[in-house]
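Secondary and tertiary structure notes
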Amino acid sequence: MAAVAFFAIQTSAAAAEPAPPLFTLKAIGPGVYAAIDGPKGVSGSNAGFVIGDDGVLVVDSFFDPEATRELIADIHRLTVKPIRYVVNTHYHADHVGGDALLKAAGAIIIAHQNVRGWVRTENLHLFGAHLSPRTEAMIKTLALPDVAIDNDMTVWLGTRRVLIQPALGHTGGDLVVTVPDAKTVFCGDILWQHVSPNIIDGDVRSWVSTIAKLQQGPTARDTTFIPGHGEVATIKDVFAFQQYLDDLRTLVSRERSVGLSGQTLVDVALPEFAKQHGDWTGFAYFAPLELGYMDDELAGRKRRPQPVAD
């Protein structure tokens, strides 16, 4: 089964369409904005930014540099404060494609320590057969992080506190970004809002645990969650995504317990999975891949990026 990343299909499908909106900028709270990918997925993913007393922190940078340029223009339209940081929630190219533009605008790139080792290599694997010479050249010149972390980090934008934390599940190198005073969490691809997820790198057991913890904080019911893909989310949407992953793992485990695997398992499990979640965006294409990746994961044969040494 071909290893194809979510963003590769989005961007190739979008290329033939007339120019749709690149993204929609949504005010989440004072000085906190989510940039939600347009209806055709041209930007590649969601992003966002936080305006503090003395500067701006950006979360992710899209896939399409044109969207990044528009995001930078929106920031400058809203504030004269400098762009100080960009946080990569993980290494996938749909979230880091505009890093070089943000760096040129003055940002320090913060990412999980694994991202520095993966961003120019593992992204080539993700594109698979969809890797064009142009995209390959782009990936091999992606900006590298300036600051690599594997523990919690606090960034102060004057008096405004932004908490950056590693999170297990999606790639092995994920970060979530919390703005406590705005009760906002930028989740990256740890959270997908009614969009079938890319689990090619995932550890679904750990991922479910991480999603459960997002719902357990003292202010979780009042928190706004910004997913990597899909619309702005509430705690109910976070639970719905946990249920999606739970159902995927339970269904594949059940079919494996009666001796099914490979394409046979996918063919047998898909109708029931469709009854549970067939209305999610991208389900028709990505659900068969998810079932296959889940089978590989439970069988211990799933290829995942290996941690990078300090």
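For the structure, see preceding data.
Residues numbered from 1 in each chain as written. Predicted model: local features only at pLDDT ≥ 70, side-chain atom pairs only at ≥ 80, totals over all residues. Heavy atoms only, no water.

On to the nonpolar core, then. In this structure, W207, F225, F241, F273 and L291 are the most contacted members of the largest nonpolar core, which totals 50 residues. When contributions to this core are tallied by element, the ones reaching two or more residues are α3 (93–96), α5 (113–118), α6 (122–127), β11 (184–192), α8 (204–214), α9 (235–257), α10 (262–277) and α11 (283–299). With eight residues, the top contributor of residues to this core is α9. Those residues in contact with L291 that lie beyond four places of it in its chain are L248, L251, V252, L265, V266, A269, L270 and F273. Formed by 21 residues, the second largest nonpolar core is a distinct cluster that contains F23, V42, V86 and A143. (Core = buried A, V, L, I, M, F, W, Y, C linked by side-chain atoms within 4.5 Å. Buried < 20%, exposed > 50% of the residue type's maximum accessible area, 1.4 Å probe, protein only. Helix = DSSP H or I, 4+ residues; strand = E, 2+ residues; numbered from the N terminus. Contact = heavy atoms within 4.5 Å.)

Turning to the sheet that holds strand β8 (residues 153–157), a few remarks are in order. Sheets are built from strands paired through backbone hydrogen bonds, the pairs being either parallel or antiparallel. Strand order in this open sheet of five strands is β8-β9-β10-β11-β12, and the pairing throughout is mixed. Both outer strands of the open sheet, β8 and β12 (224–229), are each paired with one neighbouring strand and no more. Neighbour-to-neighbour, the strand axes of this sheet turn through a mean angle of 25°, independent of strand direction. The sheet contact formed by β11 and β12 spans five bridges and is parallel. Bridge pairing in β12 links T184 to T224. (Pairing = 2+ DSSP bridges. Axes fitted to C-alpha atoms, helices over the stretch in contact; angles between N-to-C directions.)

The next subject is the side chain of T79. Following the sequence through the fold, T79 ends up in the loop between α2 (65–78) and β5 (83–87). Residue T79 is classed as buried on the basis of its relative accessible area, which comes to 9%. A polar side-chain atom of T79 sits 3.0 Å from the main-chain amide nitrogen of K81. Apart from the residues lying within four places of it in its own chain, the contact partners of T79 are I51 and V56. (Polar contact = N/O pair within 3.5 Å; in protein donor to acceptor, adjacent residues only side chain to side chain.)

Turning to the packing of aromatic side chains, a few remarks are in order. As enumerated under the stated definition, the model contains 10 aromatic pairs in all. An angle of 25° between the planes, with centres 5.1 Å apart, marks the rings of F23 and F62 as stacked. Taken together, the residues F23 in strand β1 (residues 23–29) and F62 in the loop between β4 (56–59) and α2 connect sequence positions 39 residues apart. The two residues F23 and F62 agree in class, both being buried. With a centroid separation of 5.8 Å and an interplanar angle of 65°, the aromatic rings of W207 and F241 are classed as edge-to-face. Taken together, the positions of W207 in helix α8 and F241 in helix α9 put the pair 34 residues apart, joining distant regions of the chain. The same class applies to W207 as to F241, namely buried. Following the ring pairs from residue to residue traces out a cluster consisting of W207, F241, Y244, F273, W280 and F283. (Phe/Tyr/Trp six-rings, centres within 6.5 Å; stacked < 30°, edge-to-face > 60°.)

Take the packing of α9 against α11 next. Where α9 meets α11, the axes come as close as 9 Å, and the angle between the chain directions of the two elements is 60°. Taken as axis vectors, α9 and α11 run oblique relative to one another. Between α9 and α11 lies a crossing whose hand is right-handed. Where α9 approaches α11, its residues Y244, L248, R249, L251, V252, S253 and R256 are matched on the opposing element by F283, E290, L291, M294, D295, L298 and A299. (Parallel < 35°, antiparallel > 145°, perpendicular 65-115°, else oblique. Left-handed = near helix turned anticlockwise from the far one by under 90°.)

With that settled, the discussion passes to the sheet that holds strand β7 (residues 147–149). Spatially, the seven strands line up as an open sheet ordered β1-β2-β3-β4-β5-β6-β7, and their pairing is mixed. One side of each edge strand has no neighbouring strand; the edge strands of this open sheet are β1 and β7. Averaged over all adjacent pairs, the angle separating strand axes in this sheet is 20°, with direction ignored. Two strands pair when backbone bridges link them, and strand β6 (residues 108–112) and β7 are joined in this way by three bridges, in the parallel orientation. Paired with H112 across the strands is I149, a residue of β7. Taken strand by strand, α2 contacts β1, β2 (32–37), β3 (47–51), β4 and β5, and its axis lies near 40° from that of β1.

Our focus in this paragraph is the packing of α10 against α11. Between α10 and α11, whose axes approach to 9 Å, the crossing angle comes to 130°. Viewed along their axes, α10 and α11 adopt a mutual orientation that is oblique. As α10 packs across α11, the resulting crossing turns out to be right-handed. Facing α10, whose interface residues are G262, L265, V266, A269, L270, F273, A274 and H277, α11 presents F283, A287, P288, E290, L291, G292 and D295. Classifying every residue of the contact of α10 with α11 gives 10 nonpolar, three polar and two charged. (Nonpolar A, V, L, I, M, F, W, Y, C, P; charged D, E, K, R; others polar.)

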